[in-house]
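# Tertiary structure, described
Residues per chain, in single letters:
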Amino acid sequence: DISQIAVLREIAEGVGLDGAAFEAVLSDAAARAPYDALVSADVRQAAAYGLQGVPAQIFNSRYLIPGAVPVDTLRELVAELKQSASR
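All of the points below concern the structure found in this document. (Residues numbered from 1 in each chain as written. Predicted model: local features only at pLDDT ≥ 70, side-chain atom pairs only at ≥ 80, totals over all residues. Heavy atoms only, no water.)

## Quick word on the overall build of the protein
Across its full length, the protein holds 4 helices and 2 strands. Ordered by position from the N terminus, the helices and strands of the protein form the series α-α-α-β-β-α. Taken against the 2.2 N^0.38 rule, which gives 12 Å for 87 residues, the C-alpha radius of gyration of the protein at 17 Å runs more than 25% over that of a compact globule. Seen along its three principal axes, the alpha-carbon backbone of the protein occupies a region of about 45 × 30 × 25 Å. A buried classification covers 7% of the 87 residues belonging to the protein. By sequence separation, contacts in the protein at least 24 residues apart represent 0% of the contacts at least 6 residues apart. Accessible surface computed for the protein: about 6,800 Å², of which carbon and sulfur atoms make up 57%. Computed over 7 positive and 11 negative side-chain charges, the inter-centroid distance for the protein is 11 Å. (Helix = DSSP H or I, 4+ residues; strand = E, 2+ residues; numbered from the N terminus. Rg over C-alpha atoms; globule rule 2.2 N^0.38 Å. Buried < 20%, exposed > 50% of the residue type's maximum accessible area, 1.4 Å probe, protein only. Contact = heavy atoms within 4.5 Å. Areas by Shrake-Rupley, 256 points an atom, 1.4 Å probe, with all protein chains shown as cover. Lys, Arg positive; Asp, Glu negative; His and termini not counted. Charge placed at Lys NZ, Arg CZ, Asp CG, Glu CD.)

What follows is the structure in structure tokens.
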């Protein structure tokens, strides 16, 4: 239940973040403000792309993958982008 701070802290720690620092930022609006601004900017950018749901990934500022796709599809796209960049 991601509405619970303890669950969010556990997730943060699971990806290598300092759990105490993460929780402190969540509970302090002033400390959280820069992160809120970054999320708002991402939401505006998504709206500019016409995205209305998640998941959606944009690669190389050019290729949109809307919706959930198999991980192999994403790997193939990344391999193609790497190959075309090396040409």
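## Remarks on the pairing of strand 2 (residues 63–66)
One ladder, built from 4 bridges, connects strand 1 (residues 56–59) with strand 2; its direction is antiparallel. Note that in strand 2 the partner of Gln57 across the bridge is Ile65. Count of turn residues in the strand 1/strand 2 antiparallel hairpin: 3 residues, of which Asn60 carries a positive phi of about 60 degrees. (Pairing = 2+ DSSP bridges.)

## Observations regarding helix 3 (residues 29–49)
Over its 21 residues, helix 3 extends 29 Å from the first C-alpha to the last, a length consistent with the 30 Å expected when each residue adds 1.5 Å. Roughly 30 degrees is the biggest bend found in helix 3, and it falls at Tyr35. In the segment just after helix 3, Gly50 is the residue with positive phi, at about 85 degrees. (Expected span 1.5 Å × (residues − 1). Bend = angle between axes of the 7 residues up to and from the residue.)

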